[in-house]
Amino acid sequence: MLQALLNIVSNATRYASKQIRIYVGINKEQIEITISDDGAGIPADVLPYLFHRFVKGTDGDTGLGLAISRAIVERCGGLISAGNGEREGAVVSLSFPAVIGTQ
Ligand SMILES: Nc1ncnc2c1ncn2[C@@H]1O[C@H](COP(=O)(O)OP(=O)(O)OP(=O)(O)O)[C@@H](O)[C@H]1O
Ligand SMILES: [Mg+2]
(Lines give C-alpha, C1' and ligand atoms only; values in the text may rest on other atoms or scores of the structure.)
(Ligands and ions follow the chains in the order given, each with its own letter.)
Protein backbone atom coordinates (compact mmCIF):
# COMPACT_ATOMS: atom_id res chain seq x y z
CA MET A 1 0.00 0.00 0.00
CA LEU A 2 2.94 2.32 0.64
CA GLN A 3 4.06 1.68 -2.95
CA ALA A 4 0.57 2.55 -4.21
CA LEU A 5 0.66 5.85 -2.32
CA LEU A 6 4.21 6.66 -3.41
CA ASN A 7 3.24 6.29 -7.06
CA ILE A 8 0.32 8.70 -6.64
CA VAL A 9 2.24 11.23 -4.54
CA SER A 10 5.23 11.18 -6.88
CA ASN A 11 2.91 12.04 -9.77
CA ALA A 12 1.48 14.90 -7.71
CA THR A 13 4.98 16.24 -7.00
CA ARG A 14 5.71 16.19 -10.75
CA TYR A 15 2.59 18.12 -11.75
CA ALA A 16 1.71 20.30 -8.74
CA SER A 17 2.22 24.00 -8.99
CA LYS A 18 2.76 24.70 -5.28
CA GLN A 19 0.64 22.44 -3.17
CA ILE A 20 -0.31 18.80 -2.60
CA ARG A 21 -3.02 17.85 -0.13
CA ILE A 22 -3.34 14.42 1.39
CA TYR A 23 -6.57 13.65 3.20
CA VAL A 24 -6.94 10.52 5.29
CA GLY A 25 -10.20 9.58 6.97
CA ILE A 26 -12.21 6.63 8.08
CA ASN A 27 -15.83 6.13 7.15
CA LYS A 28 -17.92 2.99 7.73
CA GLU A 29 -14.83 0.83 8.36
CA GLN A 30 -13.28 2.04 5.11
CA ILE A 31 -10.03 4.00 5.10
CA GLU A 32 -10.34 6.83 2.61
CA ILE A 33 -7.30 8.62 1.20
CA THR A 34 -7.44 11.49 -1.27
CA ILE A 35 -4.39 13.07 -2.87
CA SER A 36 -4.99 16.30 -4.73
CA ASP A 37 -2.72 18.89 -6.27
CA ASP A 38 -2.91 22.36 -7.76
CA GLY A 39 -1.37 21.58 -11.15
CA ALA A 40 -2.92 21.58 -14.61
CA GLY A 41 -4.87 18.38 -13.97
CA ILE A 42 -4.97 15.08 -15.86
CA PRO A 43 -5.26 15.59 -19.65
CA ALA A 44 -8.73 14.70 -20.99
CA ASP A 45 -7.32 12.19 -23.51
CA VAL A 46 -5.43 10.30 -20.77
CA LEU A 47 -8.20 10.30 -18.16
CA PRO A 48 -10.37 7.41 -19.52
CA TYR A 49 -7.32 5.08 -19.70
CA LEU A 50 -5.38 6.43 -16.72
CA PHE A 51 -5.07 3.11 -14.90
CA HIS A 52 -4.05 1.13 -18.00
CA ARG A 53 -0.42 0.09 -18.37
CA PHE A 54 1.85 2.34 -20.48
CA VAL A 55 -0.71 5.16 -20.65
CA LYS A 56 1.09 8.45 -20.07
CA GLY A 57 0.75 12.12 -20.89
CA THR A 58 3.11 15.03 -21.37
CA ASP A 59 6.16 14.72 -19.12
CA GLY A 60 5.07 11.19 -18.22
CA ASP A 61 7.60 8.47 -17.54
CA THR A 62 6.78 4.80 -18.18
CA GLY A 63 3.03 5.00 -17.60
CA LEU A 64 3.08 2.14 -15.12
CA GLY A 65 2.73 3.86 -11.74
CA LEU A 66 -1.06 4.15 -11.58
CA ALA A 67 -1.62 0.69 -13.12
CA ILE A 68 0.52 -0.73 -10.30
CA SER A 69 -1.34 1.38 -7.72
CA ARG A 70 -4.67 0.06 -8.94
CA ALA A 71 -3.46 -3.54 -8.81
CA ILE A 72 -2.27 -3.09 -5.20
CA VAL A 73 -5.42 -1.32 -4.03
CA GLU A 74 -7.73 -3.88 -5.65
CA ARG A 75 -5.68 -6.74 -4.19
CA CYS A 76 -6.42 -5.21 -0.78
CA GLY A 77 -10.14 -5.20 -1.57
CA GLY A 78 -10.17 -1.47 -2.26
CA LEU A 79 -11.15 0.95 -4.99
CA ILE A 80 -9.21 3.71 -6.73
CA SER A 81 -10.50 6.52 -8.90
CA ALA A 82 -9.14 9.71 -10.39
CA GLY A 83 -10.40 12.92 -11.88
CA ASN A 84 -9.78 16.62 -11.85
CA GLY A 85 -10.73 19.17 -9.22
CA GLU A 86 -13.45 21.76 -9.79
CA ARG A 87 -10.96 24.58 -10.15
CA GLU A 88 -7.62 22.93 -10.79
CA GLY A 89 -5.40 19.91 -10.41
CA ALA A 90 -5.74 16.16 -10.21
CA VAL A 91 -7.66 14.30 -7.51
CA VAL A 92 -6.91 10.63 -6.83
CA SER A 93 -9.07 8.83 -4.27
CA LEU A 94 -8.68 5.41 -2.78
CA SER A 95 -10.62 3.48 -0.23
CA PHE A 96 -10.04 0.09 1.28
CA PRO A 97 -11.27 -1.93 4.24
CA ALA A 98 -9.74 -0.86 7.55
CA VAL A 99 -9.20 -4.52 8.38
CA ILE A 100 -7.79 -6.49 5.45
CA GLY A 101 -8.37 -10.18 5.06
CA THR A 102 -11.29 -10.70 7.43
CA GLN A 103 -14.11 -9.76 5.03
N1 LIG B 1 -1.28 14.54 -10.54
C2 LIG B 1 -1.32 14.49 -11.88
N3 LIG B 1 -1.53 15.63 -12.60
C4 LIG B 1 -1.59 15.59 -13.96
N5 LIG B 1 -1.44 14.47 -14.70
C6 LIG B 1 -1.23 13.32 -14.03
C7 LIG B 1 -1.16 13.27 -12.60
N8 LIG B 1 -0.95 11.98 -12.23
C9 LIG B 1 -0.88 11.27 -13.37
N10 LIG B 1 -1.04 12.06 -14.44
C11 LIG B 1 -1.03 11.65 -15.86
O12 LIG B 1 -1.26 10.25 -15.92
C13 LIG B 1 -0.21 9.61 -16.62
C14 LIG B 1 -0.03 8.21 -16.07
O15 LIG B 1 0.51 8.25 -14.75
P16 LIG B 1 1.36 7.02 -14.23
O17 LIG B 1 1.81 7.31 -12.84
O18 LIG B 1 0.60 5.75 -14.47
O19 LIG B 1 2.61 6.97 -15.23
P20 LIG B 1 3.89 7.93 -15.30
O21 LIG B 1 3.94 8.84 -14.10
O22 LIG B 1 3.87 8.58 -16.65
O23 LIG B 1 5.12 6.91 -15.25
P24 LIG B 1 5.60 6.03 -13.97
O25 LIG B 1 4.67 6.29 -12.84
O26 LIG B 1 5.52 4.60 -14.45
O27 LIG B 1 6.98 6.48 -13.69
C28 LIG B 1 0.99 10.52 -16.44
O29 LIG B 1 1.94 10.32 -17.47
C30 LIG B 1 0.31 11.89 -16.53
O31 LIG B 1 0.06 12.25 -17.88
MG1 LIG C 1 3.74 7.95 -12.13
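Relevant structure appears above.
What comes next is a walk through the structure. (Residues numbered from 1 in each chain as written. Chains lettered and ligands numbered in written order. Predicted model: local features only at pLDDT ≥ 70, side-chain atom pairs only at ≥ 80, totals over all residues. Heavy atoms only, no water.)

**Focus: the sheet that holds strand E4 (residues 90–97)**
- Read across the open sheet, the four strands follow the order E1-E2-E4-E3; overall the sheet is antiparallel. Strands with a single pairing partner mark the edges of an open sheet, and in this sheet they are strand E1 (20–27) and strand E3 (79–84). Sheet twist, expressed as the mean angle between neighbouring strand axes with direction ignored, is 15 degrees.
- Both E3 and E4 contribute to a ladder of six bridges, which runs antiparallel. Within the sheet, the bridge partner assigned to Ile 80 lies in E4 and is Leu 94. (Pairing = 2+ DSSP bridges. Helix = DSSP H or I, 4+ residues; strand = E, 2+ residues; numbered from the N terminus. Axes fitted to C-alpha atoms, helices over the stretch in contact; angles between N-to-C directions.)

**Focus on the site of ligand 1**
- Residues in contact with ligand 1 amount to 20 residues; listed here are only the nearest, Asn 11, Asp 37, Asp 61, Thr 62 and Leu 64.
- Interatomic distance of 3.0 Å between a side-chain N/O atom of Arg 14 and an oxygen atom of ligand 1.
- The pocket occupied by ligand 1, as judged from atoms lying within 2 Å of grid points, is the largest pocket.
- For the shell around ligand 1, the elements supplying multiple residues, two or more each, are helix H1 (2–15) and helix H2 (65–75).
- Partitioning the shell around ligand 1 into residue classes produces nine nonpolar, seven polar and four charged. (Near = heavy atom within 4 Å. Polar contact = N/O pair within 3.5 Å; in protein donor to acceptor, adjacent residues only side chain to side chain. 1 Å grid on protein atoms, 1.4 Å probe; cavity = no way out; pocket = protein on both sides within 12 Å on 5 of 7 lines; lining within 4 Å. Sits in = over half its atoms within 2 Å of the grid points. Nonpolar A, V, L, I, M, F, W, Y, C, P; charged D, E, K, R; others polar.)

**Quick notes on the environment of Asp 61**
- Here Asp 61 lies in the loop between strand E2 (30–37) and H2.
- Residues Asp 61 and Leu 94 lie 33 residues apart in sequence; the distance between their C-alpha atoms is 22 Å.
- When near neighbours in sequence (up to four residues on either side) are disregarded, Asp 61 contacts Arg 14 and Lys 56. (Contact = heavy atoms within 4.5 Å.)

**Focus on the side chain of Asn 7**
- Its location among the elements puts Asn 7 in helix H1.
- Residue class for Asn 7 comes out buried when judged on its relative accessible area of 12%.
- At 2.8 Å, the side chain of Asn 7 forms a polar contact with the side chain of Gln 3.
- If near-sequence neighbours (up to four positions away) are discounted, Asn 7 is found in contact with Gly 65, Ile 68 and Ser 69. (Buried < 20%, exposed > 50% of the residue type's maximum accessible area, 1.4 Å probe, protein only.)

**Observations concerning the packing of H1 against H2**
- As a packed pair, H1 and H2 sit with axes 8 Å apart at the nearest point and diverge in direction by 150 degrees. Viewed along their axes, H1 and H2 form a crossing whose handedness is left-handed. Packed against H1, whose contacting residues are Gln 3, Ala 4, Asn 7, Ile 8 and Asn 11, the element H2 presents Gly 65, Leu 66, Ile 68, Ser 69, Ile 72 and Val 73 at the interface.
- In the contact of H1 with H2, the residues fall into six nonpolar, five polar and no charged. (Left-handed = near helix turned anticlockwise from the far one by under 90°.)

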